[in-house]
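Close look at the chain arrangement
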Amino acid sequence: MKKLLALTLAGSMVFSMPVLAATSPTAQAVVASTATVADAAAAENKSIGEYLNNAVTEVPGLKEVTPLAQGGHVIINGAPSNQTFSVLKPEKKEVESAIAHAAALSGKVLNVAQINASIRNFQTATVNFYMEGIKAGQNIKVYQLINGVWVELTVSEIREDHIIVDMTSLGTLAFVEVPVAVPALPAQ
């Protein structure tokens, strides 16, 4: 029995195909790949980290920025999708407008970003944005710049590091922390 097993194993070794590993990329290929990423990031006016993470961590005209990113899984018209919304840098005039709008609300701009995607025609998109450092219970409003006017969007959930926003179109969003409204006390 041992001889039969030994012969079977030896036979399988003789007829087996050798496995070859793929060659490693050359240093030139790695440098070319890095340059391509750097060029793509520069085209979006982003750092390589922002580009690779679909994030905006620095905004022109905004001193303190809460990092903003989007990782996909957008719910479009009520159905889960594989769509990712791109988070891009806004124009400086949009940031200035957001700062003025937040000041009128006694609020503070956390971030401003242009949101884009390959999908254009949707009724609703429920988008989970990653915002490092926010906490459940913070009073954060999201506004979209539509024809020069900041329009409030529905925020369906705020939890640690995440804010879920319902959008009806793509465009520039401002994330604004506003004071919690205190209800008026009844007259005594």
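Notes on the structure in this doc start here. Here the structure is a predicted model, which is why all the values come from computation and not from measurement. (Residues numbered from 1 in each chain as written. Predicted model: local features only at pLDDT ≥ 70, side-chain atom pairs only at ≥ 80, totals over all residues. Heavy atoms only, no water.)

Counting its secondary structure elements, the chain contains four helices and eleven strands. Expressed as a percentage of its 188 residues, the buried residues of the chain come to 31%. Taking all contacts inside the chain whose residues are at least 6 apart in sequence as the whole, residues at least 24 apart take part in 69%. With the model as given, the accessible surface of the chain reaches about 11900 Å², and the carbon-plus-sulfur share is 59%. (Helix = DSSP H or I, 4+ residues; strand = E, 2+ residues; numbered from the N terminus. Buried < 20%, exposed > 50% of the residue type's maximum accessible area, 1.4 Å probe, protein only. Contact = heavy atoms within 4.5 Å. Areas by Shrake-Rupley, 256 points an atom, 1.4 Å probe, with all protein chains shown as cover.)

Another point: the pattern of salt bridges. Using the criterion set out here, one finds six salt bridges in the structure. Across the pair lysine 89 and glutamate 50 runs a salt bridge, and its minimum N-O distance is 3.2 Å. Separated by 39 residues along the polypeptide, lysine 89 in the loop between strand 5 (86–88) and helix 4 (92–104) and glutamate 50 in helix 3 (residues 48–52) bring together distant segments of the chain. With relative accessibility at 3%, the residue glutamate 50 sits in the buried group. Residues arginine 159 and glutamate 157 are paired through a salt bridge, measuring 3.4 Å at the closest nitrogen-oxygen approach. The class of arginine 159 is partly exposed, set by a relative accessible area of 30%. (Salt bridge = Lys/Arg side-chain N within 4 Å of Asp/Glu carboxyl O.)

The next thing to look at is the environment of asparagine 53. Inspection of the secondary structure assignment puts asparagine 53 in the loop between helix 3 and strand 1 (55–56). Spatially, the C-alpha atoms of asparagine 53 and glycine 71 are 8.1 Å apart, while their sequence positions differ by 18 residues.

Turning our attention to the nonpolar core. Where a protein is soluble and globular, its nonpolar side chains tend to be buried together. Counting residues in hydrophobic clusters, the biggest one holds 38 residues, and the most contacted among them are Phe85, Ile115, Phe129, Ile163, Met167 and Phe175. Counting only elements with at least two residues in this core, the list comes to helix 4, strand 6 (108–116), strand 7 (125–131), strand 8 (140–146), strand 9 (149–159), strand 10 (162–167) and strand 11 (171–177). Counting residues per element, this core draws most heavily on strand 6, which supplies five residues. Excluding its chain neighbours within four sequence positions, the residues that come into contact with isoleucine 115 are Phe85, Ser86, Val87, Phe129, Met167, Leu170, Gly171 and Leu173. (Core = buried A, V, L, I, M, F, W, Y, C linked by side-chain atoms within 4.5 Å.)

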